[in-house]
Amino acid sequence: MPKPSSLFPSDEAYTDFLSSLKTRIRSAQIRASLAVNQELVILYWHIGREILARQHMQGWGAKVIERLAKDLKQEFPTMKGFSRTNLLYMRAFAQAWPDEELVQRCAGLIPWRHNQILLDKLKDPEERVWYAQKSLEHGWSRDGLAIQIATGLFQRQGGAITNFERTLPSPQSDLAQQLIKDSYHLDFLALGESFQERELEKALVDHIRDFLLELGVGFAFVGNQYRLEVSSNEYFLDLLFYHLKLRCFIVIDLKVTEFKPEYTGKMNFYISAVDDLLRHPDDNPTIGIVLCRSKDRTIAEYALRNINTPMAVATHQLPEQLKDSLPTVEQLETELNAALSGLTQAEDRNSSQSNLD
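So, here is what we can say about the structure in this document.

Criteria and thresholds
- Residues numbered from 1 in each chain as written.
- Predicted model: local features only at pLDDT ≥ 70, side-chain atom pairs only at ≥ 80, totals over all residues.
- Heavy atoms only, no water.
- Helix = DSSP H or I, 4+ residues; strand = E, 2+ residues; numbered from the N terminus.
- Contact = heavy atoms within 4.5 Å.
- Phe/Tyr/Trp six-rings, centres within 6.5 Å; stacked < 30°, edge-to-face > 60°.
- Buried < 20%, exposed > 50% of the residue type's maximum accessible area, 1.4 Å probe, protein only.
- Core = buried A, V, L, I, M, F, W, Y, C linked by side-chain atoms within 4.5 Å.

Side note on the side chain of E127
So, point 1. By the secondary structure assignment, E127 is in helix α6 (residues 125–138).
So, point 2. Those residues in contact with E127 that lie beyond four places of it in its chain are L122, F154 and Q155.

As structure tokens, this is what we get:
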């Protein structure tokens, strides 16, 4: 009499099945990332080519880059790729890669930051193509690519260029991980956050900015989505103020999510960057405030550097010398809750109206 079939597969069969699914999923992730990356790099190439053409034919000067960066950033505030520095890279990229077909087959298959390294470190077109090919073939990270260029791998291996075939990097490779997690891709697709979350966060930023200015305790508005550039990477501060009484910059990072420990580390980075890039020698150390919405209550976290310790600390209690100059935690929490409640109700009304229409 035949044995009844088991409702559950054997451990070996299930392990093999799970392994094949993992491989398929990782390969699909990489193919999708490569497709997005190629579109983004080709977009940058077209922008660079148009800038070159107009500067050549119409005599536009270097100032047009700054104006273009400002206007594009205003139109696409969630995309990080339109800084003056990056637009200059696009122009250099189009100049270094005049053949669009080669861009599609070669430069478009590696991340933008890899292409920036090729532009910075190599003048010979043949070497650029070779290192781009090897980056994909071996899955080099940005740092790995830079090391191979610095050690002259092209010269050591003869540098013969083969047909650039579209091969997938190993899912475990550094290149694959950088392709999947590339923030340029998320911003390009507007997938970093949902549209509703970004709109809500923008409205909250505007509300908190107005609230602090109305307090009249010395806040001077410097900017929202204030751009900082550190090692050719762009970072944007939700709100940046200068406090006239405290004589220091104040960075505010506003989140519509629960507080996470990494927010304090991120704020410490912002504080350090502002201190190094913007702070005058006569200014006091920069102060950071993280405003978050948790499941149970609003949390106002103060990240303070050089107040109690040399490192940033998160605390609900302000040092005595700052209490008269900054809003209390209770004030911030009340204002954030009121803003969130009002904005949510307005969104619900708009949604109901849309359904009626």
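So, the packing of aromatic side chains
Two measures describe an aromatic ring pair: the distance that separates the ring centres and the angle between the ring planes.
So, point 1. For the structure on display, the rule yields 12 aromatic pairs.
So, point 2. Seen from their ring centres, F93 and W112 are 5.2 Å apart, and the 85° between their planes marks the pair as edge-to-face. Note that F93 is positioned in helix α3 (residues 84–96) and W112 in helix α5 (residues 112–121), a separation of 19 residues in sequence.
So, point 3. Looking at F93, the relative accessible area reads 0%, which means it is buried.
So, point 4. Note on W130 and F154: the rings are 5.4 Å apart at their centroids and 80° apart in plane angle, and the pair reads as edge-to-face. With W130 in helix α6 and F154 in helix α8 (residues 153–156), this residue pair connects regions lying 24 residues apart in the sequence.
So, point 5. For W130, a relative accessible area of 2% puts it in the buried group.
So, point 6. The rings of Y44, F93, W97 and W112 are connected pair by pair, giving a single aromatic cluster.

Observations concerning the nonpolar core
So, point 1. Membership of the largest hydrophobic core comes to 38 residues, with the highest contact counts inside it found for L87, F93, W97, L118 and Y131.
So, point 2. Of all the secondary structure elements, the ones that give two or more residues to this core are α1 (11–57), α2 (63–75), α3, α5, α6, α7 (142–150) and α8.
So, point 3. The greatest single-element share of this core, amounting to seven residues, is contributed by α1.
So, point 4. Judged by nonpolar contacts, the second largest core, of 16 residues, contains F211, L239, F241 and L254.

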